[in-house]
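Each chain is listed here by its residues.
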Amino acid sequence: MLDTGLADRTVLITGSAQGLGAALVRAFHAEGAYVAALDVDEEGNRALAAGLDPDGDRILPVRADLRDPAAIESAHQLVDAWRPVDVLVNNAARPLTTSLWEITPEQWDEVFAVNLRAAFLLTRSVAAGMRDRGFGRIVNMASVAGQTPRPTGAAYGSSKAGLIALTRVFAAELAPYGVTVNAVSPAMIDTPMVRSVGAEALAELTAQVPLGRIATPEEVARVAVFLASRTSFVTGATYDVNGGALMR
Ligand SMILES: NC(=O)c1ccc[n+]([C@@H]2O[C@H](COP(=O)([O-])OP(=O)(O)OC[C@H]3O[C@@H](n4cnc5c(N)ncnc54)[C@H](O)[C@@H]3O)[C@@H](O)[C@H]2O)c1
């Protein structure tokens, strides 16, 4: 069994209330980590935390809207007062499927605020403590949509491509301090985000995956756990978790 070294580490996960984020909370909790679970969906987040950690010792649900820079800073201060963060997983995202002709500047900005700006702001806030303590692991949840073009995915795909670039730049900037920064790039995961496309579109998309199915959230969460573990010589990498949908 892989010794992840995550027992008693503190992990901050965004977009934790459902889908992959909830699987990430479960996976890091199972490793014995303390988990700060951040989401705008307060009810979903609290229900998840209460189910896994009835005593409320190991999971801290935090409500914050990642579109708001001040809320990001306050959320981090709240978590830091609980326990300093060793591992940050920037997982929250705002999906958007809109054609070039229909997307509005407001929609574009909202997607970028959640998917890219929030990752930048939260990383900067959290990384200062990691730098001072000489240890940190940052995992950014990208997407195959940021690696290969999809019609109607301009804002989402560009934000994810930006997140991959951000991962490399921050990996270079934080390397001298023992802080690694990596990205996970999934294709299709069985989450509410994917189910929302409808059964027919889902079947079409699944047919393009060489492994012939979509991923379970647990399969993707496992790779994030791996990257947050004793992988001390891995940084600036993007790990494809796509069933062979993109081989490069
Ligand atoms: N589902 C997939 O097939 C798939 C594929 C590739 C990449 N991804 C990526 O994996 C990650 C998780 O995806 P998912 O399918 O679990 O998504 P999801 O839509 O099911 O969950 C996203 C979570 O983020 C939260 N969130 C959204 N906006 C927020 C905001 N402004 N402030 C705080 N929280 C906010 C939501 O409340 C929700 O709990 C995302 O980064 C997504 O881009 C997903």
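The structure under discussion appears in the preceding block.
Residues numbered from 1 in each chain as written. Predicted model: local features only at pLDDT ≥ 70, side-chain atom pairs only at ≥ 80, totals over all residues. Heavy atoms only, no water.

Before going further, it helps to spend a moment on the site of the ligand. In the vicinity of the ligand there are 28 residues, among which Asp39, Asn91, Tyr156, Ala187 and Thr191 approach most closely. A distance of 2.8 Å separates an oxygen atom of the ligand from a polar atom in the backbone of Leu20. With respect to the ligand, the side chain of Thr191 contributes an N or O atom lying 2.5 Å from an oxygen atom. In the complex, the protein chains occlude 92% of the 830 Å² of accessible area that the ligand would expose alone. Mapping the ligand onto the cavity grids shows that it belongs to the largest pocket. (Near = heavy atom within 4 Å. Polar contact = N/O pair within 3.5 Å; in protein donor to acceptor, adjacent residues only side chain to side chain. Areas by Shrake-Rupley, 256 points an atom, 1.4 Å probe, with all protein chains shown as cover. 1 Å grid on protein atoms, 1.4 Å probe; cavity = no way out; pocket = protein on both sides within 12 Å on 5 of 7 lines; lining within 4 Å. Sits in = over half its atoms within 2 Å of the grid points.)

Attention now goes to the environment of Phe226. If you trace the backbone, Phe226 turns up in helix 8 (residues 217–228). Separated by 223 residues in the primary sequence, Phe226 and Asp3 place their C-alpha atoms 9.6 Å from one another. Setting aside its immediate chain neighbours within four residues, Phe226 contacts Leu2, Thr231 and Tyr239. (Helix = DSSP H or I, 4+ residues; strand = E, 2+ residues; numbered from the N terminus. Contact = heavy atoms within 4.5 Å.)

Next up on the list: the packing of helix 3 (residues 69–82) against helix 4 (residues 105–133). At a minimum axis separation of 10 Å, helix 3 and helix 4 run at an interaxial angle of 35°. In terms of crossing hand, the pair formed by helix 3 and helix 4 is right-handed. Counted together, Pro69, Ile72, Glu73 and His76 of helix 3 and Arg117, Ala118, Leu121, Leu122, Ser125 and Val126 of helix 4 form the full contact between these two elements. (Axes fitted to C-alpha atoms, helices over the stretch in contact; angles between N-to-C directions. Left-handed = near helix turned anticlockwise from the far one by under 90°.)

Further remarks concern empty space enclosed by the protein. Under the counting rule described, the total for this entry stands at one cavity of 30 Å³ or more. What lines the largest cavity is a set of 13 residues, among which Thr14, Asn90, Ala92, Val114 and Ala119 lie closest to the centre. Sorting the residues of the lining of the largest cavity by element identifies helix 4 and helix 5 (154–174) as the ones contributing at least two each. Looking at the lining of the largest cavity, the element that brings in the most residues is helix 4, giving five residues. By residue class, the composition of the lining of the largest cavity is eight nonpolar, four polar and one charged. (Points joined across faces, edges and corners; volume = space filled by probe spheres on them. Nonpolar A, V, L, I, M, F, W, Y, C, P; charged D, E, K, R; others polar.)

A word on the pattern of salt bridges. With the rule as written, the count across this model stands at twelve salt bridges. Here Asp86 makes a salt bridge to Arg9, at a shortest N to O gap of 3.7 Å. Separated by 77 residues along the polypeptide, Asp86 in the loop between helix 3 and strand 4 (87–90) and Arg9 in the segment before strand 1 (10–14) bring together distant segments of the chain. Relative accessible area serves as the criterion here: at 12%, Asp86 is assigned to the buried category. Among the salt bridges present, the one from Glu110 reaches Arg67, with a minimum N-O distance of 3.1 Å. Residue Glu110 is located in helix 4, and its partner Arg67 is located in the loop between strand 3 (59–63) and helix 3; the two are separated by 43 residues in the primary sequence. The exposure class of Glu110 is partly exposed, given its relative accessible area of 23%. Residues participating in the shared-partner salt-bridge network are Asp65, Arg67, Arg94 and Glu110. (Salt bridge = Lys/Arg side-chain N within 4 Å of Asp/Glu carboxyl O. Buried < 20%, exposed > 50% of the residue type's maximum accessible area, 1.4 Å probe, protein only.)

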